[in-house]
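Next come the chains, spelled out residue by residue.
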Amino acid sequence: MKIATWNVNGIKSRIDNLCAWLEDRQPDVVCLQELKSLDDNVPRAPIERLGYNVATHGQKSFNGVAILSKRPLEDIATGLPGDASDEQARYIEATVSTDTGAVRIASLYLPNGNPLGTQKFDYKLDWMKRLIARAQALLEFEEPFVLAGDYNVIPMPQDARFPENWRDDALFQPQSRALFRELENLGLTDAYRACDADGGAYSFWDYQAGAWQKNNGIRIDHLLLSPQAADRLVGATIDKDVRGWEKPSDHVPVIIELEV
DNA sequence: ATGCCGTTTCGTAAACGA
């Protein structure tokens, strides 16, 4: 089963790109972030025509996440537990069953957290603590699960072309990195790193200042696997070429292959 | 560097992103 995560930066602006990519790569499941669209305004028809079921948790202008799947999406749940007052659409979960078992899959858009010293950074850290609690709850089942999305965290210096440029950024703060490690230390596996420990592979290049041309990138889109999912991991790739397409998102898809 | 670029909105400048 091929499972991908992709921050599309606006589903309405990216629909042609997305459909061309789906048709060519044929992923089984895709976790999307930054739909920037209400549920009713998501262009479902062209996606469904390609054979995908679509579950969305949308929001006007900002945020918004979705899961696409060739197989049916079961037990869809929206919103990250732990704060009933949080109205930002950043989390959706669903189960995909195969002949050999089931995988619980989450599409998440972790808060950016900039600028430092504001409510936004506190919100990021609080959200990460809630994600840790959700991961702990899912681990209780001892089943395969995948937490896929835009984490807005650069885990290690080798995940940035110029780590010193990110020293004062929420994505590379010690607190952000420590909470990401806490998530891993529960027993979750960073699927891409497990397949390529060298560093120097990125999933985001800013639109500004020729970042793509200079390969000034960062790796912030991650798929974290439960032990039962990690046992079935056979490969992970970053679809870097997509950043060079016409009218690209600033993020590219990260894809894993699970033997399920 | 309040910059750069791109998306969105009861728009035509401002908010947000990373």
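Draft legend 1. Focus on the overall build of chain A. Check the secondary structure of chain A and you find six helices and 14 strands. Expected size for 260 residues packed as a compact globule is a radius of gyration near 18 Å; at 17 Å, chain A falls within 12% of this value. Principal-axis analysis of the C-alpha atoms places the extent of chain A at approximately 45 × 45 × 40 Å. For chain A, the share of sequence-separated contacts (at least 6 apart) that also reach a separation of at least 24 residues comes to 69%.

Draft legend 2. Looking closely at the pairing of strand 7 (residues 101-109). Of all nine residues making up strand 7, seven are buried, and the element is well covered by its neighbours. Bridge analysis of strand 6 (residues 91-98) against strand 7 gives eight bridges, and the strand direction is antiparallel. The partner of S97 across the bridge, within strand 7, is A102. Hairpin geometry of strand 6 and strand 7 is characterised by an intervening segment of two residues between the two adjacent antiparallel strands. Relative to strand 8 (residues 145-150), strand 7 is paired through six bridges, and the arrangement is parallel.

Draft legend 3. Spotlight on the nonpolar core. Grouped together as the largest cluster of nonpolar side chains are 67 residues, with contacts concentrated most on I3, L32, V65, I67, I105, V146 and L223. Ranked by residues supplied to this core, first place goes to strand 7 with five residues. Those residues in contact with L32 that sit more than four places away from it in its chain are W6, V8, I11, V65, A66, L68 and S107.

Draft legend 4. Looking closely at the sheet that holds strand 14 (residues 254-258). Within the open sheet, the six strands sit side by side as 3-4-2-1-14-13. Their pairing is mixed. In this open sheet, the two edge strands, each paired with only one partner strand, are strand 3 (53-57) and strand 13 (233-238). Strand-to-strand twist of the sheet, defined as the mean angle between neighbouring strand axes without regard to direction, takes the value 15 degrees. Bridge analysis of strand 13 against strand 14 gives five bridges, and the strand direction is antiparallel. What sits directly across from I238, in strand 14, is V254.

Draft legend 5. Local environment of the sheet that holds strand 12 (residues 221-225). The six strands lie next to each other as 5-6-7-8-12-9, forming an open sheet whose pairing is mixed. In this open sheet, the two strands that pair with only one neighbour each are strand 5 (74-78) and strand 9 (189-190). Here strand 5 runs beside strand 6; their pairing, made up of three bridges, is antiparallel. Bridged to A77 within strand 6 is E93.

Draft legend 6. Fine view of the packing of helix 3 (residues 119-139) against helix 4 (residues 174-185). Interaxial distance between helix 3 and helix 4 falls to 10 Å at its minimum, and their mutual angle equals 5 degrees. Taken as axis vectors, helix 3 and helix 4 run roughly parallel relative to one another. Across the interface between the two elements, K124, L125, M128, K129, L131, I132 and A135 of helix 3 pack against Q175, S176, L179, E182 and L183 of helix 4. In terms of residue class, the contact of helix 3 with helix 4 is made up of seven nonpolar, two polar and three charged.

Draft legend 7. Up close: helix 3. Between the first and last C-alpha of helix 3 there are 30 Å, a value that for 21 residues agrees with the 30 Å anticipated at 1.5 Å per step. Inspection of helix 3 places K124, W127, M128, L131 and A135 among the buried residues, and these make up the whole buried set. All buried residues of helix 3 fall inside an arc of 105 degrees around its axis, so they share one side. Within helix 3, the exposed residues directed more than 90 degrees away from the buried face are Q119, D122, Q136 and A137. Structurally, helix 3 contributes buried residues whose contacts are with strand 7, strand 8 and helix 4.

Draft legend 8. Layout of the environment of Y52. As for its placement among the helices and strands, Y52 is situated in the loop between helix 2 (44-49) and strand 3. Here Y52 falls in the buried class, since 21 other C-beta atoms lie within 10 Å of it. In this structure the C-alpha to C-alpha distance between Y52 and F62, which are 10 residues apart in sequence, comes to 24 Å. Not counting residues up to four positions away in its chain, the partners in contact with Y52 are L22, I47, L68, S69 and K70.

Draft legend 9. Broad picture of helix 1 (residues 11-25). If you check helix 1, its first and last C-alpha atoms are just 18 Å apart, much less than what 15 residues at 1.5 Å a residue would give, namely 21 Å. The set of residues buried in helix 1 consists of I11, R14, L18 and W21. Elements that come into contact with the buried residues of helix 1 comprise strand 2 (29-33). A positive phi of about 55 degrees marks Q26, the residue just after helix 1.

What counts as what
- Residues numbered from 1 in each chain as written.
- Chains lettered and ligands numbered in written order.
- Predicted model: local features only at pLDDT ≥ 70, side-chain atom pairs only at ≥ 80, totals over all residues.
- Helix = DSSP H or I, 4+ residues; strand = E, 2+ residues; numbered from the N terminus.
- Rg over C-alpha atoms; globule rule 2.2 N^0.38 Å.
- Contact = placed C-beta atoms within 7 Å.
- Buried ≥ 20, exposed ≤ 12 C-beta atoms within 10 Å, placed from the backbone.
- Pairing = 2+ DSSP bridges.
- Core = buried A, V, L, I, M, F, W, Y, C linked by C-beta atoms within 7 Å.
- Axes fitted to C-alpha atoms, helices over the stretch in contact; angles between N-to-C directions.
- Parallel < 35°, antiparallel > 145°, perpendicular 65-115°, else oblique.
- Nonpolar A, V, L, I, M, F, W, Y, C, P; charged D, E, K, R; others polar.
- Expected span 1.5 Å × (residues − 1).
- Arc of directions from axis to C-beta.

The values reported here are purely geometric and, on their own, carry no functional implication.
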